[in-house]
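So the chains spell out like this:
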Amino acid sequence: EAGVTQFPSHSVIEKGQTVTLRCDPISGHDNLYWYRRVMGKEIKFLLHFVKESKQDESGMPNNRFLAERTGGTYSTLKVQPAELEDSGVYFCASSTVGLAAAPQDTQYFGPGTRLTVL
Amino acid sequence: LAKTTQPISMDSYEGQEVNITCSHNNIATNDYITWYQQFPSQGPRFIIQGYKTKVTNEVASLFIPADRKSSTLSLPRVSLSDTAVYYCLVAPYNQGGKLIFGQGTELSVKP
């Protein structure tokens, strides 16, 4: 079974440009999450999709970030315009179990996209 | 959400048993304790999860005392490939899956 995949693995862009990150979750996983780690900081939650709906976007830093999951399959995270502080590693994760299930459902992470904004 | 505290780094040698302790003094009744492992240039990977007492799988053991204010991840006979960052997370099962990562423990296994 294929794991969570992310594209690109690395992206280097100029400040003010736009970048779109893509995440393909494990097939059949309804839950999809985005996280990021900026330099020297901890991994931080960005948002959570259940199928195509945004369940929790409390971690999105500002309106320059737009996440979509049309059709409930893959997801994209667009940063427009990119700023220097957006540099970091962006992780995507997916899981099968819904909100009502216990215990904390296992999240499978992708390898991440390393974003560098110059 | 309960905050976790764990050592920033640990050193070990191949073949030794490694125990990483995590403090979570404010753990709630419906919180579970989960440990993830992260290798360089990879995403975190689930290792083990528990609620109380002891849990063991093919990778590690998790010891949780009765008061649940701490937990210990035990890695038997570590090898060089166990060099990684280990995260202790605490969250309620009905939260919706958001994971709150702390700084983790950077384990370095030497030959």
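The structure presented is a predicted model; accordingly, all values stated were derived computationally and were not measured.

## Remarks on the packing of aromatic side chains
Geometrically, a pair of aromatic rings is defined through the distance of the ring centres and the angle of the planes. Evaluation of the coordinates by the stated rule reveals eleven aromatic pairs over all chains. Their ring planes at 85° and their centres at 5.9 Å tell us that phenylalanine 109 of chain A and tyrosine 36 of chain B sit as a pair that is edge-to-face. Here phenylalanine 109 of chain A, found in strand E10 (residues 108-109), pairs with tyrosine 36 of chain B, found in strand E3 (residues 31-38), and the two come from separate chains. Take phenylalanine 109 of chain A and tyrosine 36 of chain B: they sit in the same class, and that class is buried. Taking 5.2 Å as the distance between ring centres and 55° as the angle between the ring planes, the aromatic pair formed by tyrosine 32 of chain B and tyrosine 51 of chain B counts as tilted. Of the two residues, tyrosine 32 of chain B sits in strand E3 while tyrosine 51 of chain B sits in the loop between strand E4 (45-50) and strand E5 (53-56), which places them 19 residues apart along the sequence. Judged by relative accessible area, which is 26%, tyrosine 51 of chain B ranks as partly exposed. Chaining the aromatic ring pairs together yields one cluster made of Tyr33, Tyr35, Phe45 and Phe109 of chain A together with Tyr36, Phe46, Tyr87 and Phe101 of chain B. Between arginine 22 of chain A and the ring centre of tyrosine 74 of chain A, over which it is positioned, the NZ or CZ distance is 3.7 Å. One cation-aromatic arrangement involves arginine 68 of chain B over tyrosine 51 of chain B; the distance from NZ or CZ to the ring centre is 3.9 Å.

## As for the side chain of glutamine 107 of chain A
Residues and elements named next belong to chain A. Structurally, the position occupied by glutamine 107 is in the loop between strand E9 (88-95) and E10. We classify glutamine 107 as buried; its relative accessible area is 1%. Separated by 2.8 Å, the side chains of glutamine 107 and tyrosine 35 make a polar contact.

## Side note on the sheet that holds strand E3 (residues 19-24) of chain A
Residues and elements named next belong to chain A. Strand order across the open sheet formed by four strands is E1-E3-E8-E7, with antiparallel pairing between neighbours. Each edge of the sheet is formed by a strand with only one pairing partner; in this case those strands are strand E1 (5-7) and strand E7 (65-68). Going across the sheet, the axis of each strand differs from the next one's by a mean of 15°, ignoring polarity.

## Here's the deal with the layout of surface pockets
As a volume, the largest pocket reaches approximately 700 Å³. Along the wall of the largest pocket there are 35 residues; nearest its centre are Arg37, Val89 and Arg114 of chain A together with Gln38 and Ser41 of chain B. Those elements giving two or more residues to the lining of the largest pocket turn out to be E9 and strand E11 (113-117) of chain A together with strand E8 (84-92) and strand E9 (105-110) of chain B. The biggest single contributor to the lining of the largest pocket is E11 of chain A, with four residues. Grouping the amino acids of the lining of the largest pocket by side-chain chemistry returns 14 nonpolar, 16 polar and five charged.

## Quick word on the nonpolar core
Side chains of nonpolar character tend, in soluble globular proteins, to be buried together. Ranked by size, the top nonpolar core spans 21 residues in total, and within it Trp34, Leu46, Leu47, Met60, Leu77 and Tyr90 of chain A carry the most contacts. Elements with a minimum of two residues in this core: E3, strand E4 (31-37), strand E5 (44-50), E7, strand E8 (75-79), E9 and E11 of chain A. The next biggest cluster of nonpolar side chains, apart from the first, holds 20 residues, and it includes Ile27, Ile33, Ile48 and Cys88 of chain B.

## Observations concerning the sheet that holds E8 of chain B
What links the strands of a sheet is backbone hydrogen bonding, and the strands pair in either a parallel or an antiparallel sense. All names here are of chain B. A sheet is described by the order of its strands in space; here five strands give the open sequence E1-E9-E8-E3-E4, paired in mixed fashion. The open sheet has two edge strands with one neighbour each: strand E1 (9-13) and E4. When strand polarity is set aside, the average angle formed by the axes of neighbouring strands in this sheet is 25°.

## Observations regarding the pattern of salt bridges
Side chains that differ in sign of charge can pair as their charged atoms come close. Here the structure, examined in full by the defined rule, presents seven salt bridges over all chains. Between aspartate 11 of chain B and lysine 110 of chain B there is a salt bridge, with its nearest N and O atoms 3.7 Å apart. Here the residue aspartate 11 of chain B occupies a position in strand E1, and lysine 110 of chain B occupies one in strand E9, the gap between them amounting to 99 residues. Its relative accessible area of 56% is what places aspartate 11 of chain B among the exposed residues. Beyond isolated ion pairs, a larger network of salt bridges with shared partners links Arg36, Arg64 and Asp86 of chain A.

## Focus on the confidence of the model for chain A
Averaged over every residue, the pLDDT of chain A is 91; the share at 70 or more is 92%. Across residues 99-103 of chain A the pLDDT falls below 50, and counting only partners more than four positions away or on other chains, this stretch makes eleven contacts in the model.

Reading the values: the criteria
Residues numbered from 1 in each chain as written. Chains lettered and ligands numbered in written order. Predicted model: local features only at pLDDT ≥ 70, side-chain atom pairs only at ≥ 80, totals over all residues. Heavy atoms only, no water. Phe/Tyr/Trp six-rings, centres within 6.5 Å; stacked < 30°, edge-to-face > 60°. Helix = DSSP H or I, 4+ residues; strand = E, 2+ residues; numbered from the N terminus. Buried < 20%, exposed > 50% of the residue type's maximum accessible area, 1.4 Å probe, protein only. Lys NZ or Arg CZ within 6 Å of the ring centre and 35° of its normal. Polar contact = N/O pair within 3.5 Å; in protein donor to acceptor, adjacent residues only side chain to side chain. Pairing = 2+ DSSP bridges. Axes fitted to C-alpha atoms, helices over the stretch in contact; angles between N-to-C directions. 1 Å grid on protein atoms, 1.4 Å probe; cavity = no way out; pocket = protein on both sides within 12 Å on 5 of 7 lines; lining within 4 Å. Points joined across faces, edges and corners; volume = space filled by probe spheres on them. Nonpolar A, V, L, I, M, F, W, Y, C, P; charged D, E, K, R; others polar. Core = buried A, V, L, I, M, F, W, Y, C linked by side-chain atoms within 4.5 Å. Salt bridge = Lys/Arg side-chain N within 4 Å of Asp/Glu carboxyl O. pLDDT = per-residue confidence, 0-100. Contact = heavy atoms within 4.5 Å.

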